[in-house]
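This is what each chain is made of:
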Amino acid sequence: HGTRTRSVAHRSPPRSSIDGGFRPRADLVDVFARLLPGVVVTPATFRSETALAAQLRVEPRRIREIRGARLVAPQRLGRGWVYGPEDVRTLSVMLALGRLGATLHELEIFFDVGGRDGRERGNGAIERCIAFCNRLAERMEDEIERLHALETLFDGPAGDFAPTF
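Residues numbered from 1 in each chain as written. Predicted model: local features only at pLDDT ≥ 70, side-chain atom pairs only at ≥ 80, totals over all residues. Heavy atoms only, no water.

Observations concerning the nonpolar core
Then comes step 1: Counting residues in hydrophobic clusters, the biggest one holds 32 residues, and the most contacted among them are Y83, L91, L97 and F111.
Then comes step 2: With 7 residues, the single largest contributor to this core is helix 4 (residues 85-99). (Core = buried A, V, L, I, M, F, W, Y, C linked by side-chain atoms within 4.5 Å. Buried < 20%, exposed > 50% of the residue type's maximum accessible area, 1.4 Å probe, protein only. Helix = DSSP H or I, 4+ residues; strand = E, 2+ residues; numbered from the N terminus.)

Shown next, in the form of structure tokens:
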């Protein structure tokens, strides 16, 4: 009888947290946390992405996408993630910017996640902020134009849309 071996998939040990170098810039998160309406600031810690998603009124998948893009860096605990107050605030800012039309890729670039653009973390922050806000403003202007166009469809004579009984 020969000895049979079984191949086992090896996994790297879970990280205790995402490397500090991959955290979004806290100073930029602070600015947007003060400027954007609806940013959640809570002293609570969440041990479940599902519970956090319910608190923030989003799908848990959206939280996983943001975590996967390294825009938020919760602590790893067993098979789950623990979101502290700073993580909740950062996540809330990312969600608010997403509601304004920012994509995950744009957020990664803007917050210089991991220093991917090769510059020192402090260089170009003001220029990036201005360019990012200008792109969002252009998108909002386009959306306002679309809403005005839709509004003109309903601005016809009142008799056009009056119900007939």
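Side note on the pattern of salt bridges
Then comes step 1: As enumerated under the stated definition, the model contains 6 salt bridges in all.
Then comes step 2: Among the salt bridges present, the one from E106 reaches R135, with a minimum N-O distance of 3.6 Å. Of this pair, E106 sits in helix 5 (residues 104-110) while R135 sits in helix 6 (residues 125-153); the two residues are 29 residues apart in sequence, bridging distant segments of the chain.
Then comes step 3: Judged by its relative accessible area of 35%, R135 is partly exposed.
Then comes step 4: Sharing partners across several salt bridges, the network here consists of R61, R62 and E65. (Salt bridge = Lys/Arg side-chain N within 4 Å of Asp/Glu carboxyl O.)

Considering the environment of P37
Then comes step 1: Mapped onto the secondary structure, P37 falls in the loop between helix 1 (26-35) and helix 2 (49-56).
Then comes step 2: Among the residues examined, P37 registers a relative accessible area of 67% and is labelled exposed.
Then comes step 3: As for P37 and A96, which are separated by 59 residues in sequence, their C-alpha atoms are 7.9 Å apart.

Thoughts on the confidence of the model for the protein chain
Then comes step 1: Mean pLDDT for the protein chain: 75, with 72% of residues reaching 70 or above.
Then comes step 2: Mean pLDDT per element in the protein chain: helix 7 (residues 158-161) is the minimum at 54, and helix 3 (residues 60-68) is the maximum at 94.
Then comes step 3: Across residues 4-21 the pLDDT falls below 50, and counting only partners more than four positions away or on other chains, this stretch makes 16 contacts in the model.
Then comes step 4: For residues 117-121, every residue scores under 50 in pLDDT, and the model assigns this stretch 14 contacts once sequence neighbours within four places are set aside. (pLDDT = per-residue confidence, 0-100. Contact = heavy atoms within 4.5 Å.)

What to know about a nonpolar patch on the surface
Then comes step 1: A cluster of nonpolar side chains, contributed by L147, L150, L153 and F154, occupies part of the molecular surface with about 430 Å² of accessible area.
Then comes step 2: Inspection of the secondary structure puts F154 in the loop between helix 6 and helix 7.
Then comes step 3: Since its relative accessible area comes to 55%, F154 is described here as exposed. (Patch = residues over 30% accessible without salt bridge, like charges linked within 9 Å, V, L, I, M, F, W, Y side chains within 5 Å. Areas by Shrake-Rupley, 256 points an atom, 1.4 Å probe, with all protein chains shown as cover.)

Section: helix 4
Residue pairs three or four apart in sequence face the same way in an α-helix, which turns once every 3.6 residues.
Then comes step 1: Over its 15 residues, helix 4 runs 21 Å from end to end, which matches the ideal 21 Å to within 8%, given 1.5 Å per residue.
Then comes step 2: The element helix 4 is extensively covered by neighbouring structure, given that 11 of its 15 residues are classed as buried.
Then comes step 3: For helix 4, the complete set of buried residues consists of D87, V88, R89, T90, L91, S92, V93, M94, L95, A96 and L97. (Expected span 1.5 Å × (residues − 1).)

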